[in-house]
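Descriptive structure summary
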Amino acid sequence: MESGFASASAITDQRQKIEQYKLILSTVIASSDITQAKKFIDHILSDDVPLVVSRQLLQTFAQELGRLEPEAQKEIGHFILNQIQPRVVSFEEQVLIIREKLADLYEVEQQWSKAAQILSGIDLDSAMRVIDDIFRLSKCVKIASLYLEDDDAVNAEAFINKASFLVSNSQNEALNWTYKVCYARILDLKRKFLEAALRYYDISQIQKRQIGDEVINEEALEQALSAAVTCTILAAAGPQRSRVLATLYKDERCSKLKIYPILQKVYLERILRKPEIDAFAEELKAHQKALLPDNFTVLDRAMIEHNLLSASKLYTNISFDELGTLLGIAPQKAEKIASRMIYEDRMRGSIDQVEAVIHFEDDTEEWQQWDQQIVGLCQALNDVLDSMAKKGLSIPV
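Residues numbered from 1 in each chain as written. Predicted model: local features only at pLDDT ≥ 70, side-chain atom pairs only at ≥ 80, totals over all residues. Heavy atoms only, no water.

Attention shifts here to the packing of helix 3 (residues 34-44) against helix 5 (residues 70-84). At a minimum axis separation of 10 Å, helix 3 and helix 5 run at an interaxial angle of 20°. As far as their axial angle goes, helix 5 and helix 3 are roughly parallel. In this structure, the crossing between helix 3 and helix 5 has a hand that is right-handed. Of the residues in helix 5, those touching helix 3 at Ile 34, Ala 37, Lys 38, Ile 41 and Asp 42 are Ala 72, Glu 75, Ile 76, Phe 79, Ile 80 and Gln 83. Its residues assigned to classes, the contact of helix 3 with helix 5 comprises 7 nonpolar, 1 polar and 3 charged. (Axes fitted to C-alpha atoms, helices over the stretch in contact; angles between N-to-C directions. Helix = DSSP H or I, 4+ residues; strand = E, 2+ residues; numbered from the N terminus. Parallel < 35°, antiparallel > 145°, perpendicular 65-115°, else oblique. Left-handed = near helix turned anticlockwise from the far one by under 90°. Contact = heavy atoms within 4.5 Å. Nonpolar A, V, L, I, M, F, W, Y, C, P; charged D, E, K, R; others polar.)

This is the structure we're talking about:
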């Protein structure tokens with residue numbers, strides 16, 4: 001091989017030099033010899049070979065890499081990336097090809113985070129070559145989706161945040177769809193359940209059944225709707241959650257879901273018993289049952305808050321001991337959760353610590369006042385319109 005390098009280096013005509021090196025490369029690829037491949041890489045990246053020749057040969061090598069066995073591809077690919085790191089600016093196109101090939105290999109092996117790390121090494125802000133926003137968006141979304149396969153919300157969010165600056169100008173429906181799905185999953189993993197529910201519900205309402213090359217079937221939309229219901233049930237109990245529950249409960253599609261019975265009970269503010277909670281737990285993902293710092297799981301906290309809010313509709317007041325028994329937790333913990341919900345305006349009431357009693361306030365009267373104010377406003381508007389009509393003034397529609 002050394003003699004082949006020497007003879008190729010001695011050729012002065014650039015085209016002939018490249019052809020000679022390509023003959024050597026074809027021999028290396030055919031032999032599948034990793035040691036020879038590394039020697040070839042070292043040589044073409046040395047000062048003996050002009051940069052313009054090195055670029056073309058490395059591009060050819062990168063394109064031919066797929067002819068080798070997967071393990072050989074990975075070893076040689078990583079070797080190339082390490083060797084050209086000091087001069088990576090001069091080989092950006094070649095680095096792109098190699099990183100995409102390596103990422104594909106890791107993706108086939110379901111090493112999702114490894115594939116994402118490889119792709120994240122691509123310089124998307126390079127000043128050395130023209131990169132359009134669609135390419136940047138596609139890579140950011142792809143990397144985020146790979147991280148999400150390993151439930152890595154932190155790294156996925158970093159790339160989705162980059163994509164958010166690009167997606168508003170994107171006309172690529174397939175990329176926009178994938179971005180929405182990734183964003184909803186990130187909110188879900190970060191336990192921002194109410195925001196995630198709204199995103200999932202938005203996805204479930206899509207009308208198109210084909211976006212780009214991807215066919216959107218009813219099963220995918222049903223999964224998104226089911227995820228919206230699950231996230232809403234797990235969200236912090238309060239007025240905002242109640243509004244989303246009302247929207248979902250009135251959606252006829254939800255009646256066909258497996259988790260509809262628990263949606264119905266949660267919406268109707270009924271107290272949930274352990275068998276019902278256990279059945280719901282079987283449908284949850286690992287992060288939705290994770291243990292929190294207060295030694296409650298995500299599900300436990302959501303169900304306790306829901307049952308506490310339901311109790312506030314049934315009782316005028318209740319002692320800490322009775323509330324603890326109702327919720328299945330210690331009285332002190334029941335008091336702490338209730339005080340937090342009252343402080344955050346998620347439940348109306350007051351706590352008498354001397355008597356160890358929680359007093360609940362009924363907000364029915366407040367809603368009735370609100371309704372009366374709306375009726376009064378509508379009546380006043382009608383009076384104004386009638387007055388304008390009597391005076392012969394035109395009324396804009």
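Right, let's get into unusual backbone geometry. The residue Gln 110 is not glycine, and still its phi comes out positive at about 60°. Position of Gln 110 relative to the elements: it lies in the loop between helix 6 (92-108) and helix 7 (112-120). A residue is classified by how much of its surface remains accessible, and Gln 110, at 54% relative accessible area, is exposed. Backbone geometry at Arg 191 places phi at a positive 65°, although glycine is not the residue there. Assignment of secondary structure puts Arg 191 in the loop between helix 10 (173-189) and helix 11 (193-204). (Buried < 20%, exposed > 50% of the residue type's maximum accessible area, 1.4 Å probe, protein only.)

A few words on the environment of Ile 44. Tracing the backbone through its elements, the reader meets Ile 44 in helix 3. Look at Ile 44 and you get buried, because its relative accessible area is 0%. As for Ile 44 and Ser 9, which are separated by 35 residues in sequence, their C-alpha atoms are 9.8 Å apart. With near-sequence residues (within four places) excluded, Ile 44 lies in contact with Val 49, Ser 54, Leu 57 and Leu 58.

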